[in-house]
Amino acid sequence: MPIYIELANLVIPKKVIEQKYLGGLAAFRNYFTDCEIQEDDELLSISKMNEDEFDIENLISNGTSYDGALNSSKDFVIVLRYGGVLWEVDWLIENKIFAWHKTCSQEVVDRALGVSAMNFEEISVKIKRGENPLKAISASNF
């Protein structure tokens, strides 16, 4: 399900965390308590102001893969609001506003695309009504 792209995002599939990260999702969430975390049914995203603020060493030392020579990973990716993905992964699709796992349902993707097509005034009206169209979108929250 789509997650909203902040300035800098480290995006990782929950399955990767469950299968590779030492201690699984609980340990991952416990380590990253100082970060804004978004999640949907398939992905987890940590947001920072800049791409160099992510603790890649923690991910590597706890079991995820990273190729330092190529500066890339198949397990996670960094997505920038004003720069897109820093390296390609075969599981992520993004449109500069939202990012989603390739297995995300079309119904939920369509919802994200609808929000992506809104102008600032439409988004502002929704926010004033107490809605947040710029949050992670999952089947359970629309």
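Residues numbered from 1 in each chain as written. Predicted model: local features only at pLDDT ≥ 70, side-chain atom pairs only at ≥ 80, totals over all residues. Heavy atoms only, no water.

Asker: Looking at this structure, I do not really get the sheet that holds strand S7 (residues 92-94). What am I missing?
Answerer: Where strands meet in a sheet, backbone hydrogen bonds hold them as pairs that are either parallel or antiparallel. The three strands are arranged S1-S8-S7 in an open sheet whose pairing can be described as antiparallel. Each edge of the sheet is formed by a strand with only one pairing partner; in this case those strands are strand S1 (3-4) and S7. (Pairing = 2+ DSSP bridges. Helix = DSSP H or I, 4+ residues; strand = E, 2+ residues; numbered from the N terminus.)

Asker: How should the pattern of salt bridges be read in this particular structure?
Answerer: Once the charged atoms of two side chains with opposite charge are near each other, the side chains can pair. Going through the model one piece at a time under the given rule, you end up with six salt bridges. Between Glu39 and Arg29 there is a salt bridge; the shortest N-O distance is 2.6 Å. Residue Glu39 is found in strand S3 (residues 36-39), and its partner Arg29 is found in helix H2 (residues 24-31); the two are separated by 10 residues along the sequence. On the basis of relative accessible area, Glu39 is assigned to the partly exposed category, the value being 31%. Shared partners join several salt bridges into a network, and the residues in it are Lys14, Arg29 and Glu39. (Salt bridge = Lys/Arg side-chain N within 4 Å of Asp/Glu carboxyl O. Buried < 20%, exposed > 50% of the residue type's maximum accessible area, 1.4 Å probe, protein only.)

Asker: Sorry if this is basic, but what is going on with the pairing of S3 here?
Answerer: On a regular strand, each side chain points to the face opposite its neighbour's, so the side chains alternate between the two faces of the sheet. Bridge count between S3 and strand S4 (residues 43-48): four bridges; the pairing is antiparallel. Along S4, the bridge assignment pairs Glu36 with Ser47. Between S3 and S4, which pair antiparallel in sequence order, lie three residues.

Asker: Is there a simple way to think about the pairing of strand S5 (residues 77-80) in this case?
Answerer: Here S5 shows two buried faces, one formed by Val77 and Val79 and the other by Ile78 and Leu80. Both strand S2 (residues 8-13) and S5 contribute to a ladder of four bridges, which runs antiparallel. Within S5, the position partnered with Asn9 by the bridge is Val79. Of the strand pairs in this sheet, S5 and strand S6 (residues 84-85) are connected by two bridges, and their pairing is antiparallel. Counted as the bridge partner of Val79 is Val85 from S6. Hairpin remark: S5 followed by S6, antiparallel, with three residues in the connecting loop.

Asker: Help me understand unusual backbone geometry, please; the structure alone is not making it clear to me.
Answerer: Among all residues except glycine, the phi angle is most often negative; among peptide bonds, the trans geometry is most common. Its identity as a non-glycine residue notwithstanding, Asn71 has a phi of 50 degrees, on the positive side. When its relative accessible area of 45% is taken as the criterion, Asn71 is described as partly exposed. Although it is not a glycine, Lys96 sits at a positive phi angle of roughly 80 degrees. Assignment of secondary structure puts Lys96 in the loop between S7 and strand S8 (98-101).

Asker: Can you walk me through the sheet that holds S3 in this structure?
Answerer: The sheet built from five strands is open, its strands ordered S3-S4-S2-S5-S6 with antiparallel pairing. The strands lining the two open edges of the sheet, one partner per strand, are S3 and S6.

Asker: Help me understand the nonpolar core, please; the structure alone is not making it clear to me.
Answerer: A general tendency of soluble globular proteins is for nonpolar side chains to be buried together. Membership of the largest hydrophobic core comes to 29 residues, with the highest contact counts inside it found for Phe28 and Leu92. Listed by contribution, the elements that provide at least two residues to this core are S2, helix H1 (14-20), H2, S4, helix H3 (56-61) and S5. Discounting chain neighbours no more than four positions away, the residues touching Leu92 are Val11, Leu43, Val77, Val79, Val85, Ala99 and Trp100. Of all hydrophobic cores here, the second largest spans eight residues; its members include Phe98, Cys104, Val109 and Val115. (Core = buried A, V, L, I, M, F, W, Y, C linked by side-chain atoms within 4.5 Å. Contact = heavy atoms within 4.5 Å.)

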